[in-house]
Amino acid sequence: MASSKRSVEFFQTSEGAKIFQIPLNAFPGFWVYAYLVLIDDYKVLIDTGSNWGTSNQGLEEGFESISESIEEQINLADLSHIFITHGHIDHFGGLAYIRQHSTAQIGVHELDRRILSNYEERLLVAAQRLMEFLRESGVPAEERNQIYDYYMFPKSLFSSVDVDFTYQAVDMQVGPFRFLHTPGHGAGAVVIRLHDILFSGDHILSGISPHQAPERLTLNTGLSHYLESLEKVKTWASDVKLVLGGHKNPLTDLGKRVDEIRALHFHRLEEILQLLETPNTVSEISKNLFGKAEGYNTLLAIEESGAHVEYLYQYGYLSIYNLEELNQESRPAVIKYCRVNDALEMLKTLEKKGEKGYVLI
Ligand SMILES: [Zn+2]
Ligand SMILES: [Zn+2]
């Protein structure tokens, strides 16, 4: 297919590290980047693609095209390290393939380690929590089963691999690479800094707001952690010149993009509060926000809505409307939320405080 060809892009840090951005077709119509970074004796791959379809082939082709451009052969076997930005299959799935061709040291954050090393267990436990969340959110049984199938699909793509080191164990630094833990989009999500360039994984992206899921599905995810991590990275990397994400185009103004993403979430929180003048379920809120989603997007929409409702409930903007029913019905019953009296004013005050640089939670 003509549209499937994308080329490797080249970047360079202020101190001469060479960065090659390799586009990989992670899933149908969905692209992710792996980055090959060459500096001194370090030959580092940041993220790996999904292991699905032509993702591994794309990686091999990327290495061939880089070898040509630097006029020196470089293969997977030459890698010294592989850094995983977070435990989502489009970023680490390719490890299953790369491991067969490379003895590179694989690193991940402590909180995502089990996703790589105990993948099957982790998927089943998370799926169980997801089903309970969907039931409580008012998603009908048939739709729940479809979502379950989507959720379990990556099971065929990956079998566990051993991790060689974790980021906290190496004091968040490997040679010139520095790591910052940014929980939210993923529990063990990190951004990686090299000189004046930041690899943002899926924590900060251009054009799209990184997906949020409720923390009840995985500890250390959720909107509250995410918003806090946004502020954290803004300070930690305030002087970077370029941000390279796991998807979409590079960014030059990190602070501006953080503010935009933050504003988007506040807008969504406000929308939900407006809707919840009339009591409703997470499933109905999701339909109101995102319309009728199809396929995998059904899962993304309900998780995104659930993350925002969870945040509002956690911080006292919502109450449960049908408490009586919950008391009588066999659990878990469907929960209906409604906003508390002064919720909209409270949210406005919080947003203003955030603008002045206060911590957001
Ligand atoms: Zn992700
Ligand atoms: Zn991703």
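### A short note on the overall build of the protein
Right, so step 1: Counting its regular elements, the protein contains twelve helices and 14 strands.
Right, so step 2: Computed over C-alpha atoms, the radius of gyration of the protein comes to 21 Å, within 12% of the 21 Å expected from 2.2 N^0.38 for 361 residues, which places it in the range of a compact globule.
Right, so step 3: The C-alpha extent of the protein, read off along each of the three principal axes, is 70 × 45 × 45 Å.
Right, so step 4: Counting contacts in the protein only where the partners sit at least 6 residues apart, residues at least 24 apart contribute 68% of the total.
Right, so step 5: In the structure as shown, the protein presents an accessible area of about 16,500 Å², 47% of it carried by carbon and sulfur atoms.

### Thoughts on the pattern of salt bridges
Right, so step 1: Here the structure, examined in full by the defined rule, presents twelve salt bridges.
Right, so step 2: Note that Arg257 and Glu260 form a salt bridge whose closest N and O atoms lie 2.7 Å from each other. You can see Arg257 and its partner Glu260 sitting in helix 8 (residues 254–275), three residues apart, about one turn around the helix.
Right, so step 3: For Arg257, a relative accessible area of 11% corresponds to the buried category.
Right, so step 4: Two residues, Lys287 and Glu284, come together in a salt bridge whose shortest N-O distance is 3.5 Å. Taken together, the residues span about one helical turn, with Lys287 and Glu284 both in helix 9 (residues 282–290) at a distance of three residues.
Right, so step 5: Judged by relative accessible area, Lys287 falls into the partly exposed class, the value being 37%.
Right, so step 6: The network of salt bridges with common partners includes Glu132, Glu136 and Arg216.

### What about the coordination of the zinc ion (ligand 1)?
Right, so step 1: Surrounding the zinc ion (ligand 1) are the protein donor atoms His86 (NE2), His88 (ND1), His185 (NE2) and Asp202 (OD), which sit 2.1 to 2.3 Å from the metal.
Right, so step 2: Each of the four donor atoms bound to the zinc ion (ligand 1) contributes to angles spanning 92 to 169°, and the resulting shape is irregular.
Right, so step 3: Within one chain, the residues serving as donors to the zinc ion (ligand 1) are arranged as H-x1-H-x96-H-x16-D.
Right, so step 4: Between the zinc ion (ligand 1) and the zinc ion (ligand 2), both coordinated by Asp202, there is a metal-metal distance of 3.5 Å. In this pair, His88 is assigned in the loop between strand 5 (81–83) and helix 2 (89–92) and Asp202 in the loop between strand 11 (197–201) and helix 7 (223–236), connecting sequence segments 114 residues apart.

### Regarding the nonpolar core
Right, so step 1: Leu36, Leu59, Phe63, Ile82, Phe92, Leu95 and Leu116 are the most contacted members of the largest nonpolar core, which has 86 residues in total.
Right, so step 2: The element best represented in this core is helix 5 (residues 119–136), accounting for eight residues.
Right, so step 3: In terms of domain composition, this core takes at least three residues from each of domain 1 (2–118 + 151–261) and domain 2 (265–353).
Right, so step 4: In terms of nonpolar packing, the next biggest core, distinct from the first, is built from 23 residues, Ala17, Tyr35, Ile46 and Phe83 among them.

### Side note on the packing of aromatic side chains
Right, so step 1: Inspection of every chain in the model, using the stated rule, returns 18 aromatic pairs.
Right, so step 2: Aromatic side chains Phe83 and Tyr167 sit 6.4 Å apart centroid to centroid with 85° between the ring planes, which places their arrangement in the edge-to-face category. Remark: Tyr167 occurs in the loop between strand 7 (165–166) and strand 8 (173–174) and Phe83 occurs in strand 5; sequence separation between them is 84 residues.
Right, so step 3: Residue classification places Phe83 among the buried residues on the basis of a relative accessible area of 0%.
Right, so step 4: Through pairs of rings, three or more aromatic residues link up here, namely Tyr42, Phe83, Phe165, Tyr167, Phe177 and Phe179.

### Quick word on the packing of helix 9 against helix 10 (residues 296–314)
Right, so step 1: One can describe the packing of helix 9 onto helix 10 by two numbers: an axis separation of 9 Å at closest approach and a directional angle of 110°. Comparing their axes, helix 10 and helix 9 come out roughly perpendicular. Helix-helix and strand crossings are classified by hand; for helix 9 and helix 10 the assignment is right-handed. Of helix 10, the residues touching helix 9 (which contributes Val282, Ser283, Ile285, Ser286, Leu289 and Phe290) are Ala301, Ile302, Glu304, Ser305, Gly306 and Val309.
Right, so step 2: Tallied by class, residues from the contact of helix 9 with helix 10 come to seven nonpolar, four polar and one charged.

### Concerning the pairing of strand 9 (residues 177–181)
Right, so step 1: Within strand 9, four of the five residues are buried, which leaves the element mostly enclosed by the surrounding structure.
Right, so step 2: Of the pairings in the sheet, the one linking strand 8 to strand 9 comprises two bridges and is antiparallel in character. The partner of Gln173 across the bridge, within strand 9, is Arg178.
Right, so step 3: Bridging between strand 9 and strand 10 (residues 190–194) involves five bridges; their strand directions are antiparallel. Bridge pairing in strand 10 places Phe177 opposite Leu194.

### A look at the environment of Pro154
Right, so step 1: Topologically, Pro154 is positioned in the loop between helix 6 (141–152) and strand 7.
Right, so step 2: In this structure Pro154 comes out as buried when scored by relative accessible area, which is 13%.
Right, so step 3: With 86 residues separating them along the chain, Pro154 and Val240 place their C-alpha atoms 35 Å apart.
Right, so step 4: Look past the residues within four positions of Pro154 in its chain and what remains in contact with it is Ile89 and Tyr119.

Reading guide: rules and limits
- Residues numbered from 1 in each chain as written.
- Chains lettered and ligands numbered in written order.
- Predicted model: local features only at pLDDT ≥ 70, side-chain atom pairs only at ≥ 80, totals over all residues.
- Heavy atoms only, no water.
- Helix = DSSP H or I, 4+ residues; strand = E, 2+ residues; numbered from the N terminus.
- Rg over C-alpha atoms; globule rule 2.2 N^0.38 Å.
- Contact = heavy atoms within 4.5 Å.
- Areas by Shrake-Rupley, 256 points an atom, 1.4 Å probe, with all protein chains shown as cover.
- Salt bridge = Lys/Arg side-chain N within 4 Å of Asp/Glu carboxyl O.
- Buried < 20%, exposed > 50% of the residue type's maximum accessible area, 1.4 Å probe, protein only.
- Donors = N, O, S within 2.8 Å, 3.2 Å for Na, K, Ca; no water.
- Tetrahedral: all angles 85-135°; square planar, octahedral: opposite > 155°, others 65-115°.
- Core = buried A, V, L, I, M, F, W, Y, C linked by side-chain atoms within 4.5 Å.
- Domains from an automatic or database assignment.
- Phe/Tyr/Trp six-rings, centres within 6.5 Å; stacked < 30°, edge-to-face > 60°.
- Axes fitted to C-alpha atoms, helices over the stretch in contact; angles between N-to-C directions.
- Parallel < 35°, antiparallel > 145°, perpendicular 65-115°, else oblique.
- Left-handed = near helix turned anticlockwise from the far one by under 90°.
- Nonpolar A, V, L, I, M, F, W, Y, C, P; charged D, E, K, R; others polar.
- Pairing = 2+ DSSP bridges.

Treat this as a map of the structure, not an account of what it does.
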